[in-house]
Amino acid sequence: MINLKRSCLIILLFGLWACEKKVDEEVIPEPTEVQISPKVAHQWANMTLKLVKESPENSPTYTSRTLAYAGVTMYESIVSGSIIFKSVASQLSGLSDLPSAQGLDWETSLSAGQAGILKALYPHTSDQLKEELQNLHSSIVAERKAAGVPDSVLTASAEYGQYIATVIFEWSKNDNGHEGFMRTFDYSYTLPQGIEYWVPPRFGQSSINQPLHPYWGQNRLFVPANEQLEIPEIYEYSAETSSAYYKDMKEVYDKNISLTQEEKETALWWGDDPAGSASPPGHSYYLAAKLVNQEQNNLFEAASVFAKVGMAVSDAFVRCFKCKYHYHAERPTAFIRRYIDSRYTQFWPEPPFPAFTSGHSTQSAAAATTLISVFGDDITYTDDFHEGRPKDSERNVEFRSREFTSIWAFAEECGWSRILGGIHTQQDNIQGLEEGKRIGENINALNWKY
């Protein structure tokens, strides 16, 4: 009986302690980040897109790589100032811990880092754009000085940001994509021979009748887990009308000969020809900037968005091009003209690389997956990436902005648009979306926070 009373007393005391502890835990506030506007991050994202669009030798491959190094530099140049976010440097392939810093002006550090990495990645850009990069950085420093930041802090902050950019640029030199703008097309690459294999189009999206970056799939990936992904399986080539391969091609044909005006607008919107835009990965980076600006994330979280999306589109293009030049799969038009309709012409011109898997699908799914990790998927936004562009008179189609009520919806539409364009099949699209989602999930799985 005595033991029973003693046990009850212990249980009672433990219960009171647990309740008190619960109350205490409830009143302890979560750590709060210093609320710094994401304005500077947004400014540099827009400048980055302007740079890749207006620089020579623009390609989706090199652009995707640029966005990754710019995003990582942005994040690592300021993450020391966060009490929530932590450096991911040591978790990335081939990069070790970066030195931290305290007491800096993080807007200045971010700006110096962006100016440094972009100048290093684009030595081939125009003098005017180089001047614009410097002018943006100078204007941001002037604003910070006007806000009362001491000169000594501004100097130290700029030096730190530039140092991070220098270290990351040195790291970039060993990824197999360094100075990829100098060898966009490969005249020495030997394509496999056979009716089922892709052949560079004579009248396609590019005036150069050679494969674009056939070795891009050998580039180092940012996230080690993405190195472990298997190459997706492809349908066996077949001209039999009952085969999955034939049915996939026939679906493209049936859709392209009956496109509605709205479907033409969708195909045009996501075309993102590098000759006139920042290319598909730039479109994804733009949507990241759009959401950052709309939701007004803290500067540190905003930087994490650009780092995630940048690495997502970059790893997506490496994985995608590894697959493309593994199978060398033909585009729909060649098959359709051979077996279905010899007079067929697809809606959108064919790009200078093989079909399977879809780069649009892979990169948009990877980017969307990382964006969802920050914003959730229940969010309304407008994609006005091509707003102001003149009508495509050749196709009699206007560039009309898109309204979305979820982030994943843009990835699905982006992938579907290539079927509407006649340059991909559902197999290319679905496998690309699945691969991109896995790539994005591996990026999200990095240890981003304390």
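Everything that follows concerns the structure shown earlier in this document.
Now for a look at the structure at hand.

### Some words on the packing of aromatic side chains
Link 1 in the chain: Taken as a whole, this structure holds 23 aromatic pairs when the rule is applied.
Link 2 in the chain: Arranged with centres 4.8 Å apart and planes meeting at 50°, the rings of Phe335 and Tyr339 form a pair that is tilted. A residue pair is termed a helical-turn pair when its members lie 3 or 4 positions apart in one helix, as Phe335 and Tyr339 do in helix α12 (residues 332-339) at four residues.
Link 3 in the chain: The exposure class assigned to Tyr339 is partly exposed, which follows from its relative accessible area of 35%.
Link 4 in the chain: Members of the aromatic cluster, connected to one another through ring pairs, are Tyr189, Tyr215, Phe317, Phe321, Tyr325 and Phe353.
Link 5 in the chain: In this structure, Lys308 packs its charged tip against the face of Trp448, placed 5.3 Å from the ring centre.
Link 6 in the chain: The aromatic ring of Phe347 is capped on one face by Arg395, whose charged end is 5.9 Å from the ring centroid.

### A short note on α12
Link 1 in the chain: Among the residues making up α12, those that are buried are Pro332, Thr333, Phe335 and Ile336. End-on view of α12: buried residues confined to an arc of 165°, all on one side of the axis.

### Brief notes about empty space enclosed by the protein
In this approach, a probe sized like a water molecule rolls over the atoms, and the result shows the empty space that is left.
Link 1 in the chain: Per the counting criterion, the structure on display carries three cavities of 30 Å³ or more.
Link 2 in the chain: Looking at the largest cavity, its volume works out to about 80 Å³.
Link 3 in the chain: When contributions to the lining of the largest cavity are tallied by element, the ones reaching two or more residues are α8 (244-256) and α15 (426-444).
Link 4 in the chain: Among the elements that take part in the lining of the largest cavity, α8 stands out by supplying three residues, more than any other.
Link 5 in the chain: Residue classes in the lining of the largest cavity are distributed as seven nonpolar, two polar and four charged.
Link 6 in the chain: For the second largest cavity, the calculated volume is near 40 Å³.

### Considering the environment of Trp348
Link 1 in the chain: Mapped onto the fold, Trp348 is located in the loop between α12 and α13 (359-375).
Link 2 in the chain: Judged by relative accessible area, Trp348 falls into the buried class, the value being 7%.
Link 3 in the chain: Separated by 144 residues in sequence, Trp348 and Gly204 place their C-alpha atoms 8.8 Å apart.
Link 4 in the chain: Residues in contact with Trp348, not counting those within four places in the same chain, are Gln205, Leu268, Gly271, Asp273, Arg395, Arg418, Gly421 and Ile423.

### Details of the layout of surface pockets
Link 1 in the chain: Approximately 510 Å³ is the volume found for the largest pocket.
Link 2 in the chain: Along the wall of the largest pocket there are 22 residues; nearest its centre are Pro201, Thr333, Arg337, Gln346 and Glu350.
Link 3 in the chain: Tallied by class, residues from the lining of the largest pocket come to ten nonpolar, four polar and eight charged.
Link 4 in the chain: In this model, the second largest pocket occupies a volume close to 370 Å³.
Link 5 in the chain: Taken together, 26 residues form the lining of the second largest pocket, with Pro60, Gln205, Asp273, Pro274 and Pro352 sitting closest to its centre.
Link 6 in the chain: Those elements that provide at least two residues to the lining of the second largest pocket are α11 (299-327) and α13.
Link 7 in the chain: Each residue belonging to the lining of the second largest pocket can be placed in one class, and the counts come to twelve nonpolar, nine polar and five charged.

### Description of the pattern of salt bridges
Link 1 in the chain: Per the counting criterion, the structure on display carries 19 salt bridges.
Link 2 in the chain: Lys39 serves as the salt-bridge partner of Glu143, at 3.8 Å between the closest nitrogen and oxygen. Note that Glu143 is positioned in helix α5 (residues 127-146) and Lys39 in helix α2 (residues 39-54), a separation of 104 residues in sequence.
Link 3 in the chain: Judged by relative accessible area, which is 40%, Glu143 ranks as partly exposed.
Link 4 in the chain: Residue class for Lys39 comes out partly exposed when judged on its relative accessible area of 45%.
Link 5 in the chain: One salt bridge connects Arg144 with Asp105, and the closest N-O pair in it is separated by 2.8 Å. Note that Arg144 is positioned in helix α5 and Asp105 in the loop between α3 (60-76) and α4 (106-121), a separation of 39 residues in sequence.
Link 6 in the chain: Shared partners join several salt bridges into a network, and the residues in it are Lys50, Glu54 and Glu132.

### Comments concerning the packing of α2 against α3
Helix packing geometry: the angle between the two helix axes and the distance between the axes.
Link 1 in the chain: Between α2 and α3, the shortest axis-to-axis distance is 11 Å and the interhelical angle comes to 160°. Taken together, the axis directions place α2 and α3 in an arrangement best described as roughly antiparallel. The interaxial crossing formed by α2 with α3 has right-handed handedness. Residues Ala41, Trp44, Thr48, Leu49 and Val52 of α2 touch α3, and the partners they reach there are Thr63, Thr66, Leu67 and Met74.
Link 2 in the chain: Of the residues that constitute the contact of α2 with α3, the class distribution is six nonpolar, three polar and no charged.

### What to know about the nonpolar core
Link 1 in the chain: Grouped together as the largest cluster of nonpolar side chains are 112 residues, with contacts concentrated most on Trp44, Phe306, Met311, Leu371, Ile407 and Phe410.
Link 2 in the chain: Examining the composition of this core, we find that 17 residues originate from one element, α11, more than from any other.
Link 3 in the chain: If near-sequence neighbours (up to four positions away) are discounted, Trp44 is found in contact with Met74, Leu110, Ser111, Gln114, Ala115, Leu118, Leu133, Leu136, His137 and Ile140.

### Examining α8
Link 1 in the chain: The first and last C-alpha atoms of α8 sit 19 Å apart over 13 residues, in line with the 18 Å expected at 1.5 Å per residue.
Link 2 in the chain: Buried residues of α8: Tyr245, Tyr246, Asp248, Met249, Val252, Tyr253 and Asn256, and no others. With its buried residues spanning 165° around the axis, α8 presents them on a single face.
Link 3 in the chain: Looking at the buried positions of α8, the neighbouring elements they touch are α12, α14 (408-420) and α15.

### Topic: the side chain of Arg418
Link 1 in the chain: Here Arg418 is to be found in helix α14.
Link 2 in the chain: Nearest to the buried, unbridged Arg418 among oppositely charged side chains is Asp272, at 7.3 Å.
Link 3 in the chain: Filtering out sequence-adjacent residues up to four positions away, Arg418 remains in contact with Ala267, Trp270, Gly271, Trp348, Ser358, His360, Ile423 and His424.

### Section: the packing of α2 against helix α10 (residues 279-295)
Link 1 in the chain: The N-to-C vectors of α2 and α10 enclose an angle of 160°; their axes lie 10 Å apart at closest approach. Comparing the axis directions of α2 and α10 gives the class roughly antiparallel. Pair α2 / α10 crosses with left-handed handedness. On the side of α2, the interface is formed by His42, Ala45, Asn46 and Leu49, while α10 contributes Gly282, Tyr285, Tyr286, Ala289 and Asn293.
Link 2 in the chain: Here the contact of α2 with α10 is built from residues that sort into five nonpolar, four polar and no charged.

Definitions and cut-offs
Residues numbered from 1 in each chain as written. Predicted model: local features only at pLDDT ≥ 70, side-chain atom pairs only at ≥ 80, totals over all residues. Heavy atoms only, no water. Phe/Tyr/Trp six-rings, centres within 6.5 Å; stacked < 30°, edge-to-face > 60°. Helix = DSSP H or I, 4+ residues; strand = E, 2+ residues; numbered from the N terminus. Buried < 20%, exposed > 50% of the residue type's maximum accessible area, 1.4 Å probe, protein only. Lys NZ or Arg CZ within 6 Å of the ring centre and 35° of its normal. Arc of directions from axis to C-beta. 1 Å grid on protein atoms, 1.4 Å probe; cavity = no way out; pocket = protein on both sides within 12 Å on 5 of 7 lines; lining within 4 Å. Points joined across faces, edges and corners; volume = space filled by probe spheres on them. Nonpolar A, V, L, I, M, F, W, Y, C, P; charged D, E, K, R; others polar. Contact = heavy atoms within 4.5 Å. Salt bridge = Lys/Arg side-chain N within 4 Å of Asp/Glu carboxyl O. Axes fitted to C-alpha atoms, helices over the stretch in contact; angles between N-to-C directions. Parallel < 35°, antiparallel > 145°, perpendicular 65-115°, else oblique. Left-handed = near helix turned anticlockwise from the far one by under 90°. Core = buried A, V, L, I, M, F, W, Y, C linked by side-chain atoms within 4.5 Å. Expected span 1.5 Å × (residues − 1). Lys, Arg positive; Asp, Glu negative; His and termini not counted.

Note that every value here comes from positions in space, so none of it alone points to a role or purpose.
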